[in-house]
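A structural walkthrough
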Amino acid sequence: MSREMSDVTRARHGRPVHHWRRDVIELSALFTAVAVADAVANLVGHGPDGPALLVVSAVALIATAGFHTWWSRRHGHAPPTDDTGARPPSAERQAGPSDPVPAAPGAAPGESALWRMRTTVRDAPGSLAALCTALAGRRVDILSLQTHPLAEGTVDEFLLRAPGELAGSELTRVVSAAGGTDTWVERADAHDLVDAPTRILGLAARTAQDAAELPLALRQLLGRCTIRSLPASAGGAETEGVPPEGALDDTVLRLRAPEGGVISVERPYLPFTPAEFARARALVELDARLGPRIPRGRDVLTLPEGSDITVRRADTGDLRAAKEMHERCSARTLGMRYHGPVGDADRYLNHLLSPRFGRTLAVQTASGRIVGLGHLLWDGDETEVALLVEDAWQRRGIGAELLGRLVAMAAETGCESVYAVTQASNTGMVAAMRGLGLPLDYQIEEGTLVITARLDAAARAATRPRHGERIGKE
């Protein structure tokens, strides 16, 4: 029994644990094992079927070991959680919208918990009053309320403060008994206390400063959803079938992207309302009116060896300089980065440098030559990090500098994790991910190594650039 379990036992019973009972049990088990071993030895040595029994036992042992090996490999290649320090996904993230939502973890009687709830009520006088009365009967406080009128009925979105012992399933039952239908419940946090107009204005301000913020702003506006940007050349019939004002189809909305193509937003667990569609369309129209833009700030750093470099945001305007860096990179370096034919590397750059698909950091020398690129890519509802450093500038801390800044950006935008796709032989990338000091998951997929870094509150504070000394900021 571990010390932690002993402490729990003491706290539960209010008295010390009597370890002599455990000692007696272990001693009895030892004597039993010796007696069984002696009996088996006598049976094998003196019994008529001793050799056959020994062979059967060996076969059974080999079969058991083989089954255990097969079972372990079947359940993934990732190291144990204790080795990586990774936290298992929460039950709330894994649960579907129709699954019962547990009570607030660790909530004691008298404590409260925040919930977000959406339900549909009849568009008739007294329907909302009956729902509010039912919630008040269970000591649930309504902190905010938004209404989304539909052709039939009204979708009401609540922010609630409920007793800590009240489970989400019980909350759903109370609402259903009061006339609510299609009820959806999710745990909320302090960030949800900001009223909707203030939150939307903040998202609009962020979008106005940086074109790369549009996918993130849409995700924060619409909740947990998957956002994909489909270029006009790749969208095909899906792009052509979307009118200029966009299209709303239950759990999927499509909007014309400012640069062409379509922005697709999917939220299978909860249908979109016309009000949400109008808000999303307004953000996209704002982005279109402002045109291409990225923050122009830059940091001048001194590497440990004494060389000065500049780290700044990059976009498609740096396409030519990025291609020139490709020409100076070896085939091995490009192969490590793009996991495909080296000749195809250039055609990825226009996508990677576009603010629509993420953020890019460029490292340039005092002469203005780009020697490193770091990408933070919005991959649906996940986030990928990728690095490329010119051969002559490798092993100087540039990769770690870029990675630390990219992960800090991801943490600032509320990402829970970032992943990197590389190869086990790419020791530089593996070392840079380990150097973040974050819990890591490892997984082998089709011959490549996928490393996922988990970001929590403590980790976000730790993801600061640690290589190089800042000597100025323009």
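For the structure itself, look to the data block above.
This structure is a prediction, so every number in the text was calculated from the model and none was measured.

As for the environment of G137
- Considering the arrangement of structural elements, one finds G137 in helix α6 (residues 127–137).
- Judged by its relative accessible area of 59%, G137 falls in the exposed class.
- It is 9.4 Å that separates the C-alpha atoms of G137 and V174, two residues lying 37 residues apart in sequence.

Some remarks on the environment of R199
- Within the fold, R199 resides in helix α8 (residues 196–209).
- Residue classification places R199 among the partly exposed positions, given a relative accessible area of 29%.
- When neighbours within four sequence positions are excluded, R199 is seen to be in contact with V194, Q220 and L221.

Some remarks on the pattern of salt bridges
- One pass over the structure, following the stated rule, counts 21 salt bridges.
- When the shortest N-O distance is used, the salt bridge between R116 and E186 registers 3.3 Å. One end of the pair, R116, is in strand β1 (residues 112–121); the other, E186, is in strand β4 (residues 181–187), with 70 residues separating them in the sequence.
- A salt bridge links E324 to R320, with the shortest nitrogen-to-oxygen separation between them at 3.6 Å.

Brief notes about the packing of aromatic side chains
- Summed over the entire model, instances satisfying the criterion amount to one aromatic pair.
- For the cation-ring pair, R187 lies above W115, with the distance from its terminal atom to the ring centre recorded as 5.4 Å.
- The lysine or arginine in question, R396, covers the ring of W393, its NZ or CZ lying 4.4 Å from the ring centre.

Considerations on the sheet that holds strand β2 (residues 141–149)
- Pairing within the open sheet is antiparallel, and its four strands lie in the order β2-β3-β1-β4. Across the chains shown, the open sheet's two edge strands, defined by having one partner strand only, are β2 and β4. The mean angle between the axes of side-by-side strands here comes to 15°, regardless of whether they run parallel or antiparallel.
- Pairing of β2 with strand β3 (residues 154–163) involves eight bridges; the strand directions are antiparallel. Among the inter-strand pairings, L145 is bridged to a residue of β3, identified as F158.

The rules behind these values
Every chain is numbered on its own, with residues counted from 1 as its sequence reads. Confidence filtering applies because this is a predicted model: local features only for residues at pLDDT of at least 70, side-chain atom pairs given and counted only at 80 or more, and all residues used for totals across whole chains, interfaces and linings. As a rule here, side-chain values come from all non-hydrogen atoms in the structure, and water together with hydrogens is ignored. Secondary structure elements follow DSSP: runs of H or I of four or more residues count as helices, runs of E of two or more count as strands, with numbering from the N terminus. Note on exposure labels: buried denotes an accessible area under 20% of the residue type's maximum, exposed denotes more than 50%, and partly exposed covers the range between, all computed with a 1.4 Å probe on protein chains only. By the convention used here, residues are in contact when the closest approach between their heavy atoms is within 4.5 Å. One side-chain nitrogen of Lys or Arg within 4 Å of one carboxyl oxygen of Asp or Glu is enough to make a salt bridge. Ring pairs shown here join Phe, Tyr and Trp side chains whose ring centres sit within 6.5 Å, with only the six-membered ring taken for Trp; geometry is labelled stacked below 30 degrees between planes, edge-to-face above 60, and tilted in between. Each ring is checked for a lysine NZ or an arginine CZ that lies within 6 Å of its centre and within 35 degrees of its normal; such an atom marks a charge sitting over the ring. By this definition, two strands are paired if DSSP reports at least two bridges between them. All axes are obtained by fitting lines to C-alpha atoms, using only the stretch in contact for helices, and the reported angles, taken between N-to-C directions, cover 0 to 180 degrees.

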